[in-house]
Amino acid sequence: MREVTASAPGKVNLVLRVGAPTADGYHPLATVFEALDLRETVTVRTTRTPGTTVETVAHLPGGDIDRATGELMRAVPPRSHLAVRAARAMQRLAAAGPWASTAAGLAIRVDKRVPVAGGMAGGSADAAATLVACNELWGLGLGPGQLERIGRTLGADVPACLTGGIALGTGRGDRMAPLECPGTHHHWVIALAHEGLSTADVFAEFDRAVQGTAVPAAPTDEELADLTGPARLAGPRLVNDLTAAALSLRPELGGTLSASRAAGALAAIVSGSGPTVAALASSADHADEIAERLAAAPAVARVLTTMGPAPGARVEHQDER
Ligand code: C5P
C-alpha cells in the first residue's frame, strides 16, 4: 500500500482583464495570479479494491472542522469532484506503466482550507494537488509542462495552482508565465460572503453587460513591477473586469469593498469571479486590524488572514506500508 500527500494553493487575481468570449464560450484573459498560503491538502492511497473513492474534510482557520462545507462537498457527485477527475486523468497514464496492478484502486482524501465557490480556485487547487500526488504515487515522472497540459483540461485555474508564486496568465488564464517577486510578502484579509457564486454565472452576466469584441489588455511592465514588489502605501493597482458582473449578482459586495477601504486596506478587490473580497494590508498586525473591522460588515460571513505569494503544488510526504 502506498500513500502520497501533496498540497496546492488557492489564489487571488491581482489583475483580471476579460475579453469577449470566443467560439468555445471561454473568455480570453490577461490575468495576474497570486498564490496564497491557504492550501488544499490531498492524500492519495492505493487500495486493493478497484475504483476511486473520495472523502472531503473542510477545516476552519482555528483548526475546527467546517461541517457545513463538508456537507456541501458530500453532495458533489464523485465523478464531478475535481480531485477525482484529476486522478482519473493520471490513472489512464498509470494503467500503462509499472504501477498498472495498483492503479485500479485509489482512495482520495481532500483536506480543504480554501473557501468553496469563492473565486479562489479551491476546486482547481484540489485538482493540482491530486495531479502532483498521483504523479508521485505511480512514479509517472511527468514534468511541470506535462502536468500543466493535463491540468488545463480540468479547469482554467489548475495551471495557476500548479505554478504558484505570482504569474501572468493568458489564453483562458491557463497559459502561465511566472513572474519574479524576490522577497515580496503580501498580507491579505479575505472576506467570505454568506453564499458562493458560480463562475459561469458571473461570466454570463459579464457578457450581458459588455457586448462586442473586446481583447483583454495585458498589464504593462510598470504595472507588473508594481504588483510583484512589496505593497506600498498607495497600494498596487488591483483591477478586476468581473467586478461589475459580480456586484450586479450580489450588490451587497459593494458594501464589503467600501468597508475594506474604510478599514484602512491599501487596496481591495473582488477575488476572481467572487463573491470573496480580498483586501491588502501593510503588515500582519494591519491585516488583523482590518479583519476585526471587516468581520462586522453585514455581507461578510467569515474573515481569514493569509499571505502570498505561496509556492505552487508540491509533494508534502509519502509512506509505504
Ligand atoms: O475552466 P473552469 O471549469 O474552471 O471554468 C468555469 C466556467 O467559467 C466555464 O464553464 C466558463 O463558463 C467560465 N470561464 C470563462 N472563461 C475563462 C475561464 C472560465 O468563460 N477564461
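Structure's up top.
Every value quoted in this text rests on a predicted model; they were computed, and no experiment measured them.

(A) Representation of the overall build of the protein. Secondary structure assignment for the protein yields ten helices and twelve strands. A compact globule built from 321 residues should have a C-alpha radius of gyration of about 20 Å, and the protein, at 19 Å, falls within 12% of that. Counting only C-alpha atoms, the protein reaches 60 × 45 × 40 Å along its principal axes. A buried classification covers 53% of the 321 residues belonging to the protein. Working note: accessible area of the protein is about 14000 Å², and carbon and sulfur atoms make up 53% of it.

(B) Highlighting the nonpolar core. Val44, Met90, Leu106, Ile108, Leu131 and Leu162 are the most contacted members of the largest nonpolar core, which has 34 residues in total. Of all elements in the fold, only strand E1 (2-18), strand E2 (29-46), helix H2 (82-94), strand E4 (105-112), helix H3 (122-137), helix H4 (144-154) and helix H5 (158-163) reach the threshold of two or more residues within this core. Looking at this core element by element, the count peaks at nine residues for H3. Setting aside anything within four residues of it in sequence, one finds Val44 in contact with Arg2, Glu3, Val4, Leu106, Ala107, Ile108, Thr130, Ala133, Cys134 and Leu137. Core analysis: the second largest hydrophobic core is formed by 28 residues, Leu16, Leu253, Ala265 and Val270 among them.

(C) Structural detail: the pairing of strand E10 (residues 277-281). Of all five residues making up E10, five are buried, and the element is well covered by its neighbours. Pairing of strand E7 (residues 186-193) with E10 involves five bridges; the strand directions are antiparallel. Residue pairing for E10: Val189 is matched across the bridge by Ala279. Taken together, the four bridges between strand E9 (residues 267-270) and E10 define a ladder with antiparallel strand orientation. In the sheet register, Val270 faces E10, and the bridge partner there is Val277. Linking E9 back to E10 in an antiparallel pair, the connection comprises six residues, with Gly272 at a positive phi of about 55°.

(D) Just the pairing of E4, in detail. E4 sits mainly inside the fold: seven of its eight residues count as buried. With six bridges joining them, E2 and E4 adopt antiparallel strand pairing. Residue pairing across strands places Arg45 opposite Ala107, the latter belonging to E4.

(E) Geometry of the side chain of Thr276. Of note, Thr276 is situated in the loop between E9 and E10. At 2.8 Å, the side chain of Thr276 forms a polar contact with the backbone oxygen of Gly118. Contacts of Thr276, omitting those with residues within four sequence positions, involve Gly118, Met120, Ile190, Ala191, Leu192, Ile269, Val270 and Ser271.

(F) The arrangement of the packing of H3 against H4 in detail. Where H3 meets H4, the closest approach of the two axes is 10 Å, and the angle between their N-to-C directions is 140°. By the angle between their axes, H3 is oblique relative to H4. Crossing hand, H3 versus H4: right-handed. On H4, the residues that touch Ala127, Leu131, Val132 and Asn135 of H3 are Leu147, Ile150, Gly151 and Leu154.

Cut-offs used in this document
- Residues numbered from 1 in each chain as written.
- Predicted model: local features only at pLDDT ≥ 70, side-chain atom pairs only at ≥ 80, totals over all residues.
- Heavy atoms only, no water.
- Helix = DSSP H or I, 4+ residues; strand = E, 2+ residues; numbered from the N terminus.
- Rg over C-alpha atoms; globule rule 2.2 N^0.38 Å.
- Buried < 20%, exposed > 50% of the residue type's maximum accessible area, 1.4 Å probe, protein only.
- Areas by Shrake-Rupley, 256 points an atom, 1.4 Å probe, with all protein chains shown as cover.
- Core = buried A, V, L, I, M, F, W, Y, C linked by side-chain atoms within 4.5 Å.
- Contact = heavy atoms within 4.5 Å.
- Pairing = 2+ DSSP bridges.
- Polar contact = N/O pair within 3.5 Å; in protein donor to acceptor, adjacent residues only side chain to side chain.
- Axes fitted to C-alpha atoms, helices over the stretch in contact; angles between N-to-C directions.
- Parallel < 35°, antiparallel > 145°, perpendicular 65-115°, else oblique.
- Left-handed = near helix turned anticlockwise from the far one by under 90°.

Fair warning: the whole summary comes from geometry, so function is off the table for now.
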